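# Structural overview for review
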Amino acid sequence: MDDPLAWLDDTAQARQAAGLRRVLAPRDVVEPLVDLASNDYLGLARDARVIEGAVVATRTWGAGSTGSRLVTGTTRLHAELEEALAAFVGTAGALVFSSGYTANLGAVTALSGRGAVVVSDVAAHASLVDAARLSRARVVVARCSAPDEVDRHLAAAPETRRLVVTDGVDSVDGGLAPLAALHAVCRARGAVLLVDDAHGLGVRGPGGAGLVAEAGLAGEPDVVTTATLSKSLGSQGGVVLGSAAVIAHLVDAARAFIFDTGLAPGSVGAALTALGVLRDEPERVAALHRAAAAVAASARSAAPELGVADPTAAMVPVVLGEPDLAVAARDACAAAGLRAGCFRPPSVPEGTSRLRLTARADLSADDLALVDRVLGEVLPAVLGRTGVSAG
Ligand code: PMP
């Protein structure tokens, strides 16, 4: 009998040849590298108070939530976190999911479905793309950076149930969606606007309340916000924020909520504590932006020809071109003491493989000096070694 998985070898070899093989690199407890690859934007994942929040919640409520949210998986702590998140962002309600991925699956599928149209941003996060496909709605891909384009699609859509989905802060390059203009289009055309604020929560808006709050839209009944608890809040889990009617509908209809075990109490406790820290220490947000500006300045002075833009959020993209160039830069950074994120297709379009450097609020002056030195060595070397001219 032929091996039914023989094709895996061919696939692996093709990926290897294209420079697209992925490998898992387990971290050690004591990280020898300065980390510019994680999403721990506010440095809260290892904050002693946040860890204690997880420990106390685990001791009190147990290691697991013991069931789906509709059966035994909703503790008082889950309800407390939902209230705190809604108050922080400025919505009537919130519903916590086991991840940002499932939050998007649940919200998009429950708010669209067969007979609906979903206008999905061309750069929407994979979880929004998967959600739109799963919804069985008609999916139109458009540029949400051009609200006129979205308007044209909505004007031409025969469906009455309409949903527009976009990331608030682009997860790869930090581009900001023009939310006020998009909302005006959605309102005029009877569409709901769903914004994934995964990279905006804790980063943009008043006190880190997010890009939707910054645009003054959090309390609007036709706006739904999703986010992860795993980036600026340093925990795990996801959340959908919106009107009481939307939240009640998700409890009834979101399959990714109903058929999934509730978020573990430790993650709930950590997120709740992190939210309190963020409320008490909003200067963390400003520290993050200062660090991002410093990282971008270092990349710019190391390789002016790459045209590294001023950061809008935590991420600083350094676009190098072909995948092997980005991998070489990542590996050279690691050898010199800097952990850099490396994005290749399909995460980014062909020809735009890059380093994605993410700043953190807790980077020290020494860390930033190392970043400056390493980028100053690595970027010119990598660009010069291959003779690739960037542009
Ligand atoms: N949306 C965006 C924009 C993200 O970047 C991510 C995480 N990579 C997610 C959703 C998924 O969140 P989680 O990791 O909590 O599943």
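- With an unreviewed UniProt entry as reference, the protein is termed 8-amino-7-oxononanoate synthase, source organism Actinomycetospora atypica.
- On record in UniProt, under Subunit (unreviewed entry), the comment for the protein is "Homodimer."
- Of the comments in the UniProt record for the protein, the one headed Catalytic activity (unreviewed entry) reads "6-carboxyhexanoyl-[ACP] + L-alanine + H(+) = (8S)-8-amino-7-oxononanoate + holo-[ACP] + CO2".

### Some points on the sheet that holds strand β2 (residues 93–97)
- The seven strands lie next to each other as β2-β8-β7-β6-β5-β3-β4, forming an open sheet whose pairing is mixed. Both outer strands of the open sheet, β2 and β4 (138–142), are each paired with one neighbouring strand and no more. For this sheet, the mean inter-axis angle between neighbouring strands, taken without regard to orientation, is 20°.
- Here strand β5 (residues 162–167) pairs with strand β6 (residues 191–196) via six bridges, running parallel. The partner of Thr 166 across the bridge, within β6, is Val 195.
- In this fold helix α9 (residues 244–253) packs onto β2, β7 (223–228) and β8 (238–242), with an angle of close to 30° to the strand it touches most, β2.

### Considerations on the site of the ligand
- Around the ligand sit 14 residues in total, of which Ser 99, Gly 100, Tyr 101, Ala 198 and Thr 228 are the nearest.
- Top contributing element to the shell around the ligand by residue count: helix α4 (residues 100–111), with three residues.
- Of the residues in the shell around the ligand, the class split is two nonpolar, ten polar and two charged.

### Regarding the packing of helix α2 (residues 48–61) against helix α11 (residues 265–280)
- Interhelical geometry of α2 versus α11 gives an angle of 145° and a closest axis separation of 7 Å. The hand of the α2/α11 crossing is right-handed. Taking contact as the criterion, the partners of Arg 49, Val 50, Gly 53, Ala 54, Val 56, Ala 57, Thr 58 and Trp 61 in α2 are, on α11, Pro 265, Gly 266, Ser 267, Val 268, Gly 269, Ala 270, Leu 272, Thr 273, Ala 274 and Val 277.
- Each residue belonging to the contact of α2 with α11 can be placed in one class, and the counts come to eleven nonpolar, six polar and one charged.

About the cut-offs
The residue count restarts for each chain, going from 1 along the sequence in the order it is written. Owing to the predicted nature of the model, reporting of local features is limited to residues with pLDDT of at least 70; listing and counting of side-chain atom pairs is limited to 80 or more, with chain, interface and lining totals taken over all residues. UniProt positions are given in the numbering used here, feature names are shortened, and annotations may be inferred rather than shown by experiment. One requirement defines pairing of two strands: DSSP has to find at least two bridges between them. Strands here mean DSSP runs of E at least two residues long; helices mean DSSP runs of H or I at least four residues long; both are numbered from the N terminus. Axis lines are fitted through C-alpha atoms, for helices just across the contact stretch, and the angle between N-to-C directions can take any value from 0 to 180 degrees. Contacts are defined on C-beta atoms placed from the backbone: any two residues whose C-beta positions lie within 7 Å are in contact. In this entry, near means the residue's backbone-placed C-beta atom lies within 6 Å of the molecule or strand. Ten residues, namely Ala, Val, Leu, Ile, Met, Phe, Trp, Tyr, Cys and Pro, are considered nonpolar, four, namely Asp, Glu, Lys and Arg, are considered charged, and the remaining ones, Gly among them, are considered polar. Should the near helix be turned counterclockwise from the far one by less than a right angle, the crossing is left-handed, whereas a clockwise turn marks it as right-handed.

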